[in-house]
Number of protein chains: 2
Amino acid sequence: MPKVSQDYLEAQRSEILEGARRCFAAHGYEEATVVRLEEATGRSRGAIFHHFPTKLDLFLAVLERDAEREAARWETGSVADVLAGLAAEDPDWATVVVEQSRRRRTDPTFRARWSRRTTLVRSALATLVARERTAARVAPTIPDEVAARFISVVGDGLLLQRAILGEVPHAPEVIALATAALSGGSGPGPVTPSG
Amino acid sequence: MPKVSQDYLEAQRSEILEGARRCFAAHGYEEATVVRLEEATGRSRGAIFHHFPTKLDLFLAVLERDAEREAARWETGSVADVLAGLAAEDPDWATVVVEQSRRRRTDPTFRARWSRRTTLVRSALATLVARERTAARVAPTIPDEVAARFISVVGDGLLLQRAILGEVPHAPEVIALATAALSGGSGPGPVTPSG
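The rules behind each value
- Residues numbered from 1 in each chain as written.
- Chains lettered and ligands numbered in written order.
- Predicted model: local features only at pLDDT ≥ 70, side-chain atom pairs only at ≥ 80, totals over all residues.
- Heavy atoms only, no water.
- Helix = DSSP H or I, 4+ residues; strand = E, 2+ residues; numbered from the N terminus.
- Buried < 20%, exposed > 50% of the residue type's maximum accessible area, 1.4 Å probe, protein only.
- Contact = heavy atoms within 4.5 Å.
- Buried area = accessible area lost by both parts, 1.4 Å probe.
- Salt bridge = Lys/Arg side-chain N within 4 Å of Asp/Glu carboxyl O.
- Polar contact = N/O pair within 3.5 Å; in protein donor to acceptor, adjacent residues only side chain to side chain.
- pLDDT = per-residue confidence, 0-100.
- Phe/Tyr/Trp six-rings, centres within 6.5 Å; stacked < 30°, edge-to-face > 60°.
- Lys NZ or Arg CZ within 6 Å of the ring centre and 35° of its normal.
- Least-squares fit on C-alpha atoms with pLDDT ≥ 70 in both.
- 1 Å grid on protein atoms, 1.4 Å probe; cavity = no way out; pocket = protein on both sides within 12 Å on 5 of 7 lines; lining within 4 Å.
- Points joined across faces, edges and corners; volume = space filled by probe spheres on them.
- Nonpolar A, V, L, I, M, F, W, Y, C, P; charged D, E, K, R; others polar.
- Axes fitted to C-alpha atoms, helices over the stretch in contact; angles between N-to-C directions.
- Left-handed = near helix turned anticlockwise from the far one by under 90°.

Peer 1: Break down unusual backbone geometry for me, citing the residues and quoting the values.
Peer 2: Backbone geometry at Ala-136 of chain A places phi at a positive 60°, although glycine is not the residue there. Relative to the helices and strands, Ala-136 of chain A is located in the loop between α9 (115–134) and α10 (144–165). On the basis of relative accessibility, which here comes to 28%, the residue Ala-136 of chain A falls in the partly exposed class. Its identity as a non-glycine residue notwithstanding, His-170 of chain B has a phi of 60°, on the positive side. Tracing the sequence through the fold places His-170 of chain B in the loop between α9 (144–165) and α10 (171–183). The class for His-170 of chain B is partly exposed, based on a relative accessible area of 29%.

Okay, structure coming up:
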């Protein structure tokens, strides 16, 4: 085996992650076979397994990189930006993420290994809520943990509809309603008192 | 084969649906084998196949009955009731429903066969929005289709979190925020203008 530079290995790792994400999205986790992963990444199984000892390691690494990207968006964007990003996610990839939900809840080993992703997302969400509160876009009557949960429920709903429908009808209006709920104000236009 | 009454057959059909729902929830669609379906329903494969020629027929019948129950709740309850029902769904069953999302989007035959459920839910949702509007719980500025989409996004988010987490933290507060957004008012407590 020839000696290779660290840069080369990192570039290779990154390419494998990109290809694997497409492969998981196209075929789902179970059907993403070694042969298909080789095709999608353009790398041999030897190269893939060098970086990721098992398919699960590879899948979790893709999830983690996604979470890092998402967290980066949350560090700078508004709630509306974050929700719009989820509503525009690749429907196939959204499906794969959604399908792992059973496993995450029922398989303690998998849940533990998913934890880095969970921690990243939770921390980014807390940062987002704090920033939105400073900008007076979260009503003082809404506790941090309720605001964060509301954002994640609406975000998961958008992600699931993206996976099911391929698109979310009226996504901008739905997101505007959600942000209005957080700010404690009404949506655009006149307000009607609740009955 | 002995001659059996229509009542007996309908009771049997209903029992098979109940058992099958538990079986799908426990094992997922793929792993719900004929042997497991026999165990869960207490019926022979002959009896099961008499009512449902294939496992897919059985699964779709369970989904349809669920949709009928859900629609019945929507005919009488408020948005808050409907959302609370989704947040309290059996997490295992929620997972199975969520997992079929890829298939529904990518398999035209499956999507067509799922259509009765979709039609039931869409119609119930329209009824719900009309009733809530009459009760002044939907702001006049929010079109029907946006209100319906918002409810279904929040509902799907609750269902997905139920599937992933097993419970939805702060569900009542999250639901209160959603209903406040629809009414165009603020949640409980003083209002802060949005920034």
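Peer 1: So what's going on with the interface of chain A and chain B? Residues and values would help.
Peer 2: Contact with chain A, which involves 60 residues of that partner, is made by 60 residues of chain B. When chain A packs against chain B, close to 4,700 Å² is buried across both sides, 62% of that on carbon and sulfur atoms. Inspection of the chain A/chain B interface yields zero salt bridges. Inspection of the region where chain A meets chain B yields six residue pairs in polar contact (both at pLDDT 80 or more). Per element, the largest residue contribution to the side of chain A that touches chain B is 16 residues, and it comes from α10 of chain A.

Peer 1: Talk me through the pattern of salt bridges; I want residue IDs and the actual numbers.
Peer 2: Residues and elements named next belong to chain A. One pass over the full model with this rule turns up 18 salt bridges over all chains. For Arg-43, the salt bridge identified is with Glu-15, shortest N-O distance 2.7 Å. Taken together, the positions of Arg-43 in the loop between α2 (34–41) and α3 (45–51) and Glu-15 in helix α1 (residues 6–31) put the pair 28 residues apart, joining distant regions of the chain. Relative accessible area serves as the criterion here: at 18%, Arg-43 is assigned to the buried category. Residue Glu-18 is joined to Arg-65 by a salt bridge in which the shortest nitrogen-to-oxygen separation is 2.8 Å. In this pair, Glu-18 sits in helix α1 while Arg-65 sits in helix α4 (residues 55–76), placing the two residues 47 residues apart along the sequence. For Glu-18, a relative accessible area of 31% translates into the label partly exposed. In the salt-bridge network here, residues are joined through shared partners; they are Glu-18, Arg-65 and Arg-69.

Peer 1: Can you explain the confidence of the model for chain A? Please cite residues and give values.
Peer 2: All names here are of chain A. In the predicted model, chain A carries a mean pLDDT of 86, and the fraction of residues at 70 or more is 92%. Highest mean pLDDT in chain A belongs to α2 (96); lowest belongs to helix α7 (residues 101–106) (72). Throughout residues 186–195 the model reports pLDDT below 50, and contacts reaching past four residues in sequence, or to other chains, amount to 20 contacts. The complex model carries a pTM of 0.84, and its ipTM stands at 0.83.

Peer 1: So what's going on with the packing of aromatic side chains? Which residues, and what values?
Peer 2: Under the definition given, this model contains ten aromatic pairs over all chains. Pairing Phe-110 of chain A with Trp-114 of chain A gives two aromatic rings, centres 5.3 Å apart and planes at 70°, and the pair type is edge-to-face. With centroids separated by 5.1 Å and ring planes inclined at 65°, the aromatic side chains of Tyr-29 of chain B and Phe-59 of chain B adopt a geometry described as edge-to-face. Placement of Tyr-29 of chain B in helix α1 (residues 6–31) and of Phe-59 of chain B in helix α4 (residues 55–76) is noted, with a sequence separation of 30 residues between them. This pair shows no difference in class: Tyr-29 of chain B is buried, exactly as Phe-59 of chain B is. Members of the aromatic cluster, connected to one another through ring pairs, are Phe-24, Tyr-29, Phe-59 and Trp-93 of chain A. Across the ring face of Tyr-29 of chain A, the terminal group of Lys-55 of chain A is positioned such that the distance to the ring centre comes to 4.7 Å.

Peer 1: I'd like a rundown of the relation of the copies chain A and chain B, residues and numbers included.
Peer 2: The pair of chain copies shares a relation made of a rotation about an axis and a shift along it. With an axial shift of 0.0 Å and an RMSD of 0.0 Å, the rotation relating chain A to chain B amounts to 180°. A rotation of that kind, with that shift, is consistent with a two-fold axis. If distances are taken from each C-alpha of chain A to the rotation axis, the shortest is found for Gly-157 of chain A, at 1.8 Å. In this assembly the copies share their binding face: 100% of the residues contributing to the interface of chain A also contribute to that of chain B.

Peer 1: If you had to explain empty space enclosed by the protein to someone new, which residues and values would you point to?
Peer 2: Residue and element names in this part refer to chain B. Per the stated rule, a full pass over the model turns up one cavity of 30 Å³ or more. Each pocket or cavity is described by its volume, and for the largest cavity that value is around 50 Å³. In this structure, the largest cavity is lined by Val-34, Leu-37, Ile-48, Phe-49, Lys-55 and Leu-58. Of all the secondary-structure elements, those providing two or more residues to the lining of the largest cavity are α2 (34–41), α3 (45–51) and α4. In terms of residue class, the lining of the largest cavity is made up of five nonpolar, no polar and one charged.

Peer 1: Could you give an account of the packing of α4 of chain A against helix α6 (residues 91–99) of chain A, with specific residues and numbers?
Peer 2: All names here are of chain A. Contact geometry for α4 and α6: axes closest at 12 Å, N-to-C directions at 115°. When the axes of α4 and α6 are compared, the crossing they make is left-handed. Mapping the contact onto sequence places Phe-59, Val-62, Leu-63 and Asp-66 in α4 and Trp-93, Val-96 and Val-97 in α6. Class assignment of the residues belonging to the contact of α4 with α6 gives a composition of six nonpolar, no polar and one charged.

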